[in-house]
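For reference, the chains in residue letters:
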Amino acid sequence: MSDITNSNASTTELPPQSPPDQSTRDQPTALIPGGSAGLGLVVAATFAQAGYRVIIVGRSQDRLDDAVEQLRQQHNATAITLVGDMTNRDDCQQIAQAVGQRCGRLDVLVNCIGVSDRGLVGELTAARVHELIDQNVVATLLCCQAMLPMLESSRGSIVNIGSLAGKVGARYLGGYNTAKHALTGLTQQMRLEWRDKGVHVGLVSPGPIRRDDAGTRYQHQTGNSALPGKASQPGGGTKVKGIEPQRVATAVLNCARNRKPDVILPGYLRLLIVVGNALPRLGDWLLLKFTS
Ligand SMILES: NC(=O)c1ccc[n+]([C@@H]2O[C@H](COP(=O)([O-])OP(=O)(O)OC[C@H]3O[C@@H](n4cnc5c(N)ncnc54)[C@H](OP(=O)(O)O)[C@@H]3O)[C@@H](O)[C@H]2O)c1
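Residues numbered from 1 in each chain as written. Predicted model: local features only at pLDDT ≥ 70, side-chain atom pairs only at ≥ 80, totals over all residues. Heavy atoms only, no water.

Trainee: Describe the site of the ligand, listing the residues and the values that go with them.
Mentor: Surrounding the ligand, one finds 29 residues, the nearest of these being Ser-36, Arg-59, Arg-63, Tyr-176 and Arg-217. One of the backbone N or O atoms of Ala-37 is found 3.4 Å from an oxygen atom in the ligand. At 2.7 Å from an oxygen atom of the ligand is found a side-chain nitrogen or oxygen belonging to Arg-59. Protein contact buries 91% of the 900 Å² of open area that the ligand shows by itself. Listed by contribution, the elements that provide at least two residues to the shell around the ligand are helix H2 (38–49), helix H5 (126–154) and helix H6 (176–194). Partitioned by chemical class, the residues of the shell around the ligand number 10 nonpolar, 13 polar and 6 charged. (Near = heavy atom within 4 Å. Polar contact = N/O pair within 3.5 Å; in protein donor to acceptor, adjacent residues only side chain to side chain. Areas by Shrake-Rupley, 256 points an atom, 1.4 Å probe, with all protein chains shown as cover. Helix = DSSP H or I, 4+ residues; strand = E, 2+ residues; numbered from the N terminus. Nonpolar A, V, L, I, M, F, W, Y, C, P; charged D, E, K, R; others polar.)

This is the structure:
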C-alpha cells in the first residue's frame, strides 16, 4: 500500500514537486472526480484493487480524508486526494497539472460528479436547470477537456456516469432527466470526435443504486409539493430494484478495460429502452407501468 498524499489544487499554488520516478510512471493511473462519496468511492476502491494508482477529487478536504480512511480500513487501498470544484475551469486545469506532476500519466478518467432531483416539470425553474446542468454536465465537460492531452498520450479511457434518466424521461425527477440526457449526448459526441485521438469515451447508465440514505435523500424536495410520496423513493418511485454499488463499479472498470461505448444497468432495460424509442406510445406505457 503506498502513502496517502494530499494536495490542494483549487486555491493555492501547487508546491514544487519532483518529477515522478520510473516506478510511479509504470503504474496506470485513474482519476475519479466525485470519488469521496457514494458510487465514486466504490469506483475508487475497485480501481485501486485492480492495480491502479487512484486519485479522488471533491470540494471538501474533510470528506476526501474520510474517504481515504474508508479505503484504508475497508479495502486495504489508498488514494491521492485533490481538492477542486470541477464546475470551475481553472480548478480543472490545476487538477490536470497536479496529476501530471504527481503521476506523470493518466489512463482512466471516471466522471462520478452528479446530482439528482425531484419535482414536477411545471414547477421546474431555470435556476434549478442551470444548477443541475453545471453538476451533471459542465463538471464532466471541463474535466474531460483538461485531461484530454494526458489521455491522448496514454490512449486512455473516459467513463461518464449517466443514469437511466439519461435514456428515458420518467415522472417526478425535476430537472434530472434534462441534465442526464444532455450528458448522454455529450458523451456520444466526445466518443466520435476523440476516436481518432485514440481516447475511448464510454457511458455507464445505472438505475437506482442501493445506499443507506435511499428513500430519505430527496424528502426535503417532496414534502411541500404536489408530488406523490413515492417520488422521494429511488428513481422517483421506479419499480427497478436498487443495484449494488459494487456491481456498478465493476461495470465501470469493464467499460474502461473493454472500451465499451454504452452500458445500461440492469442490462435487461436496454431492450425496453430500444422498444420504447422505436414505439413511443408503447415506451410511454412501459414507463408509466414501471413507475406507478
Ligand atoms: N445514487 C444513485 O442512485 C444513482 C443512480 C444512477 C446514477 N447516479 C449517478 O452516479 C453519480 C454519483 O452519484 P452519487 O449519488 O453516488 O453521488 P454522491 O454520493 O452525492 O457523491 C457526489 C460526489 O461528488 C463530489 N462533488 C460534487 N460536486 C462536485 C464538484 N462540483 N466538484 C468536485 N466534486 C464534486 C462530492 O464531494 P464534495 O461534495 O465534497 O464536493 C462527492 O464526492 C452521479 O452522476 C449520479 O447522477 C446515481
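Trainee: If you had to explain a nonpolar patch on the surface to someone new, which residues and values would you point to?
Mentor: A grouping of Leu-279, Leu-282 and Trp-285 is seen on the molecular surface, where their side chains present a nonpolar patch of about 310 Å² in accessible area. Locating Trp-285 in the fold gives a position in helix H10 (residues 280–290). (Patch = residues over 30% accessible without salt bridge, like charges linked within 9 Å, V, L, I, M, F, W, Y side chains within 5 Å. Salt bridge = Lys/Arg side-chain N within 4 Å of Asp/Glu carboxyl O.)

Trainee: Can you explain the pattern of salt bridges? Please cite residues and give values.
Mentor: All chains considered together, the criterion is met by 8 salt bridges. Between Asp-107 and Arg-105 there is a salt bridge, with the nearest N and O atoms lying 2.9 Å from each other. Residue classification places Asp-107 among the buried positions, given a relative accessible area of 11%. On the basis of relative accessibility, which here comes to 24%, the residue Arg-105 falls in the partly exposed class. (Buried < 20%, exposed > 50% of the residue type's maximum accessible area, 1.4 Å probe, protein only.)

Trainee: Explain the state of the cysteines to me, using residue names and the numbers behind them.
Mentor: Within the structure shown, the criterion is met by 0 disulfides. In this model Cys-92 remains outside any disulfide bridge; the closest cysteine sulfur is found in Cys-143, 5.2 Å from its own. Among the cysteines around Cys-112, which has no disulfide bond, Cys-143 carries the closest sulfur, lying 11 Å off. (Disulfide = S-S within 2.5 Å.)

Trainee: How would you explain the nonpolar core if you had to name every residue and give the values?
Mentor: Ranked by internal contacts, the top residues of the largest apolar core, which has 36 residues, are Val-43, Phe-47, Val-54, Ile-56, Val-110, Val-204 and Val-252. Put simply, the parts of the chain that give this core at least two residues each are strand S2 (29–33), H2, strand S3 (53–58), helix H3 (61–75), strand S5 (108–111), strand S6 (157–161), helix H8 (245–257) and strand S8 (262–265). The dominant element in this core, judged by the number of residues it contributes, is H2, at 8 residues. Counting residues in hydrophobic clusters, the runner-up holds 33 residues, among them Ala-98, Cys-143, Ala-146 and Val-199. (Core = buried A, V, L, I, M, F, W, Y, C linked by side-chain atoms within 4.5 Å.)

Trainee: So what about the packing of helix H4 (residues 89–103) against H5? Which residues, and what values?
Mentor: It is the contact of H4 with H5, at a shortest axis distance of 9 Å, that shows an interaxial angle of 30 degrees. The orientation of H4 with respect to H5, classified from their angle, is roughly parallel. Crossing of H4 against H5: the hand is right-handed. Taking contact as the criterion, the partners of Arg-89, Cys-92, Gln-93, Ile-95, Ala-96, Val-99 and Gly-100 in H4 are, on H5, Leu-142, Cys-143, Gln-145, Ala-146, Met-147 and Met-150. Residue classes in the contact of H4 with H5 are distributed as 9 nonpolar, 3 polar and 1 charged. (Axes fitted to C-alpha atoms, helices over the stretch in contact; angles between N-to-C directions. Parallel < 35°, antiparallel > 145°, perpendicular 65-115°, else oblique. Left-handed = near helix turned anticlockwise from the far one by under 90°. Contact = heavy atoms within 4.5 Å.)

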